[in-house]
Amino acid sequence: MRNLGFFRYFSYSLLVILLYILQATPNLMPELFGSKPLLLLPLALAIASVEKEVPSLVFGAVCGGLTDIAAGGGIGYFAIILTLICYFESHVFGTYFVPNIISATVYSAAATVLSILVYFLIFKVFSGIPDWQILFVNHYISRIVYTFVMFIPICILVRFLHRSFKV
């Protein structure tokens, strides 16, 4: 029975690697309105909606660190934000909410908008980039929507893996 837990986490790890390759490789994932989705963000949120706090925290930190690396910088913003968001999501779903796909989708929408908007404010607006309004309209709105839309198939896949390898 313990091997099923190993295979579940192993399959999550393979998903992390696959989605990192899709996210970081140029011209592999199609762009919509000049932006690509952050695929590791919905993966971390989907894993956090079905797992306990510690695995959620670990996968949030790994997905956040890889998102930071794919964005061209060091490990920082997304590693911290996804670690906190995933831990909080797992705790809230384990304690207060019924962890179904609708509540996970609503939480993911809020977390996606919040994390990308705060990133944009800190690294684009406050750093003094000129014409940040045009950048937001042309790239970041489509990135938020594209990232959120990708949550639904990723969440269905993660829930399938969670049920298949349930201990």
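Parameters at a glance
- Residues numbered from 1 in each chain as written.
- Predicted model: local features only at pLDDT ≥ 70, side-chain atom pairs only at ≥ 80, totals over all residues.
- Heavy atoms only, no water.
- Helix = DSSP H or I, 4+ residues; strand = E, 2+ residues; numbered from the N terminus.
- Rg over C-alpha atoms; globule rule 2.2 N^0.38 Å.
- Buried < 20%, exposed > 50% of the residue type's maximum accessible area, 1.4 Å probe, protein only.
- Axes fitted to C-alpha atoms, helices over the stretch in contact; angles between N-to-C directions.
- Parallel < 35°, antiparallel > 145°, perpendicular 65-115°, else oblique.
- Left-handed = near helix turned anticlockwise from the far one by under 90°.
- Contact = heavy atoms within 4.5 Å.
- Expected span 1.5 Å × (residues − 1).
- Nonpolar A, V, L, I, M, F, W, Y, C, P; charged D, E, K, R; others polar.
- Core = buried A, V, L, I, M, F, W, Y, C linked by side-chain atoms within 4.5 Å.
- pLDDT = per-residue confidence, 0-100.
- Salt bridge = Lys/Arg side-chain N within 4 Å of Asp/Glu carboxyl O.

S.K.: Please clarify how the overall build of the protein chain should be interpreted in this entry.
M.R.: Tallying secondary structure elements over the protein chain gives 6 helices and 0 strands in all. Walking the protein chain from its N terminus toward its C terminus, one meets helices and strands in the order α-α-α-α-α-α. Relative to the compact-globule value of 15 Å for 167 residues, the protein chain shows a C-alpha radius of gyration of 16 Å, a close match. Structurally, the protein chain occupies a C-alpha span of about 55 × 35 × 25 Å along its principal axes. By the burial criterion, 43% of the 167 residues in the protein chain qualify as buried.

S.K.: So what exactly am I meant to see when it comes to the packing of helix α2 (residues 40-50) against helix α5 (residues 101-125) here?
M.R.: Any two packed helices are characterised by the angle at which their axes cross and by the distance between the axes. Viewed as axis vectors pointing N to C, α2 and α5 meet at an angle of 140°, and their least axial separation amounts to 10 Å. On the basis of their axis angle, the class for α2 and α5 is oblique. In this structure, the crossing between α2 and α5 has a hand that is right-handed. Facing L41, L45 and S49 of α2, the residues of α5 in contact are A104, Y107, S108, A111, T112 and S115.

S.K.: Help me understand helix α3 (residues 53-70), please; the structure alone is not making it clear to me.
M.R.: An α-helical segment advances 3.6 residues per turn. Residues three or four places apart therefore align on the same side. Helix length check: α3, at 18 residues, gives a terminal C-alpha distance of 25 Å against a target of 26 Å (1.5 Å per residue), a fit within 8%. Residues of α3 that are buried include every one of P55, S56, F59, G60, C63, G64, G65, T67 and D68, and no others. Looking one or two places after α3, you find G72, whose phi comes out positive at around 100°.

S.K.: Would you mind going over the packing of α2 against helix α6 (residues 132-164) with me for this structure?
M.R.: Two elements in contact, α2 and α6, have axes separated by 8 Å at closest approach and are oriented at 40°. The angle between α2 and α6 falls in the class oblique. The handedness of the crossing between α2 and α6 comes out as right-handed. For the pair α2 and α6, contact is made by L41, P42, L43, L45, A46, I47, S49 and V50 and by T147, M150, F151, I154, C155, V158, R159 and H162, respectively. Of the residues assigned to the contact of α2 with α6, the class counts are 12 nonpolar, 3 polar and 1 charged.

S.K.: In this structure, what is going on with the nonpolar core? I would like to understand it.
M.R.: Soluble globular proteins: nonpolar side chains tend toward being buried together. Counting residues in each nonpolar core, the largest one holds 39 residues, and the members touching the most others are Y12, L43, L45, C63 and V158. Sorting the residues of this core by element identifies α1 (2-24), α2, α3, α4 (77-95), α5 and α6 as the ones contributing at least two each. Sorting elements by how many residues they give to this core places α2 first, with 9 residues. If we ignore the near neighbours within four places in the chain, the residues touching V158 are Y12, L15, L43, A46, I47 and V50.

S.K.: Just checking my understanding: could you explain the confidence of the model for the protein chain for this structure?
M.R.: The predicted structure's coordinates, where accompanied by low pLDDT, should not be read in detail. Mean pLDDT over the protein chain stands at 89; residues scoring 70 or higher make up 97%. Of all helices and strands in the protein chain, the one with the weakest mean pLDDT is α1 (88), whereas α2 scores best (95).

S.K.: Honestly, the side chain of R8 in this entry has me stumped. Any pointers?
M.R.: Examined against the element boundaries, R8 turns out to sit in helix α1. A relative accessible area of 8% means that R8 is categorised as buried.

S.K.: Just to check I follow, could you spell out the pattern of salt bridges for this structure?
M.R.: One pass over the structure, following the stated rule, counts 1 salt bridge. The salt bridge partner of E51 is R8, with a shortest N-O separation of 3.0 Å. Of the two residues, E51 is situated in the loop between α2 and α3 and R8 in helix α1; the sequence distance between them amounts to 43 residues. Assigned by exposure class, E51 and R8 land together as buried.

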